[in-house]
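One letter stands for each residue in the lines below.
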Amino acid sequence: MENTDNKIRILIVDDDEHICQLLSLYLAKDGFYAEICNNGQSALAKLSAEKFDAVLLDVMMPEMDGFEVLSELRKTSDIPVIMLSARGEPLDKISGLDRGADDYITKPFEPQELIARIKAILRRFKPPIDVEQIDLFNLTVNITDFSVTLNGTKIDMPPKEIEILYMLAKTPMHVFTREELLKEIWGQGHSGDSRTVDVHIKRIREKLGDNPHWRLTTVWGVGYKIEVF
């Protein structure tokens, strides 16, 4: 059985099974975990019983369309919702946004654009995390006393490397761009460029080495993430 504890969970709601399977593949390829509902009633039941991080909601479904599902969902939940529809008229988009949708994408769409929009919404909705220590399998990163231990052995790292590692380990499977890391770790007014991040990542890798449970992965042209197995 797949371990989904560290994955972002997306619920796909669409009556087109082919579309659902394609979306599942796109999401899985980018490290998400997806479940499928083919009608609005089952989607509402699943959302009330399980925790998801976002919903991809088709507009045109029989019995209960996406707008109705969204209206019911917003009575009890503020989970991020992206509407998917073959209808791109402005009034449809306005109706979806007025009912509480966070984004509206017209079919057909590019998978990369959908993934980018999901990530953008999740960044906006990510709750503040009060945890000051991250335990990821055999790795512990404590941002309070700026310490890192691997397999119980302390690893010497300067503060900036620890801050980068903490940020990546805090949200496994999430890809952070170099610009995001630079802004978060060095601050808005830092005058350096993204190569600063690359140098620090290289040093972190050298100190941590290979690991059977996770690895610090480069997503070419985008940034970095900690990938778990």
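Since this is a predicted model, take the numbers as computed values, not measurements.

Calculation criteria
- Residues numbered from 1 in each chain as written.
- Predicted model: local features only at pLDDT ≥ 70, side-chain atom pairs only at ≥ 80, totals over all residues.
- Heavy atoms only, no water.
- Pairing = 2+ DSSP bridges.
- Helix = DSSP H or I, 4+ residues; strand = E, 2+ residues; numbered from the N terminus.
- Contact = heavy atoms within 4.5 Å.
- Axes fitted to C-alpha atoms, helices over the stretch in contact; angles between N-to-C directions.
- pLDDT = per-residue confidence, 0-100.
- Buried < 20%, exposed > 50% of the residue type's maximum accessible area, 1.4 Å probe, protein only.
- Arc of directions from axis to C-beta.
- Polar contact = N/O pair within 3.5 Å; in protein donor to acceptor, adjacent residues only side chain to side chain.
- Salt bridge = Lys/Arg side-chain N within 4 Å of Asp/Glu carboxyl O.
- Disulfide = S-S within 2.5 Å.
- Core = buried A, V, L, I, M, F, W, Y, C linked by side-chain atoms within 4.5 Å.

### Comments concerning the sheet that holds strand S11 (residues 214-219)
Hydrogen bonds between backbone groups are what pair the strands of a sheet, and the pairing can be parallel or antiparallel. Strands sit in the order S10-S12-S11 across an open sheet of three strands; the sheet is antiparallel. Two strands bound the open sheet, and with one partner strand each, they are strand S10 (176-177) and S11. Bridge analysis of S10 against strand S12 (residues 223-228) gives two bridges, and the strand direction is antiparallel. Residue threonine 177 lies in a different strand from S12, and its bridge partner there is glycine 223. In the packing of helix H6 (residues 159-170) onto the sheet, contacts are made with S10, S11 and S12, and the angle to S12 comes to roughly 55 degrees.

### Quick look at the sheet that holds strand S5 (residues 103-106)
Overall, parallel pairing links the five strands, which are arranged S2-S1-S3-S4-S5 in an open sheet. Among the strands making up the open sheet, the edge pair consists of strand S2 (33-37) and S5. Taking the axes of each pair of neighbouring strands and ignoring which way they run, one obtains an average angle of 20 degrees across the sheet. In this sheet, S2 lies alongside strand S1 (residues 9-13) in parallel orientation, the contact comprising five bridges. In the strand pairing of S2, isoleucine 10 is matched with alanine 34.

### Concerning the confidence of the model for the protein chain
Per-residue pLDDT for the protein chain averages 87, and the proportion of residues at 70 or more is 92%. Predicted confidence in the protein chain is weakest over helix H4 (residues 90-98), with a mean pLDDT of 80, and strongest over S1, with 95.

### Notes on helix H3 (residues 66-73)
Among all positions of H3, only Gly66, Phe67, Val69, Leu70 and Leu73 are buried. When H3 is viewed along its axis, its buried side chains cluster within an angular range of 160 degrees and face the same direction. Packed against the buried residues of H3 are helix H2 (40-49), strand S3 (54-58), strand S4 (81-85), H4 and S5. One side-chain oxygen at the N-terminal end of H3 lies 3.1 Å from the backbone nitrogen of phenylalanine 67; it belongs to aspartate 65.

### Examining the pattern of salt bridges
All chains considered together, the criterion is met by 16 salt bridges. For arginine 9, the salt bridge goes to glutamate 35, with nearest N and O atoms at 3.4 Å. With a gap of 26 residues between them, arginine 9 in strand S1 and glutamate 35 in strand S2 connect regions that are remote in the sequence. Each member of the pair, arginine 9 as well as glutamate 35, is classed as buried. Of the charged contacts, one joins glutamate 50 and arginine 9 as a salt bridge, the two residues approaching to 3.0 Å between their closest N and O atoms. Here the residue glutamate 50 occupies a position in the loop between H2 and S3, and arginine 9 occupies one in strand S1, the gap between them amounting to 41 residues. Through salt bridges with shared partners, one network takes in Arg9, Glu35, Lys46 and Glu50.

### A word on the side chain of aspartate 103
Locating aspartate 103 in the fold gives a position in strand S5. With residues up to four places along the chain from it excluded, the contact list for aspartate 103 reads Val81, Ile82, Met83, Leu97, Arg117 and Ile121.

### As for the state of the cysteines
Applying the stated criterion across every chain yields a total of zero disulfides. You can see cysteine 37 has no disulfide; the closest cysteine sulfur is in cysteine 20, sitting 8.9 Å from it.

### What about the nonpolar core?
Generally speaking, a soluble globular protein has its nonpolar side chains buried in company with each other. Counting residues in hydrophobic clusters, the biggest one holds 30 residues, and the most contacted among them are Leu165, Leu168 and Ile226. Those elements giving two or more residues to this core turn out to be strand S6 (133-136), strand S7 (139-142), strand S8 (147-150), H6, helix H7 (178-186), helix H8 (195-208), S11 and S12. Take this core: its biggest share by element is seven residues, from H6.

### Remarks on the environment of phenylalanine 67
Position of phenylalanine 67 relative to the elements: it lies in helix H3. Taking the C-alpha atoms as reference points, phenylalanine 67 and threonine 140, separated by 73 residues in sequence, lie 44 Å from one another. Here phenylalanine 67 is in contact with Val59, Met83, Arg87, Asp92, Ser95, Gly96, Arg99 and Tyr104, once residues within four sequence places are set aside.

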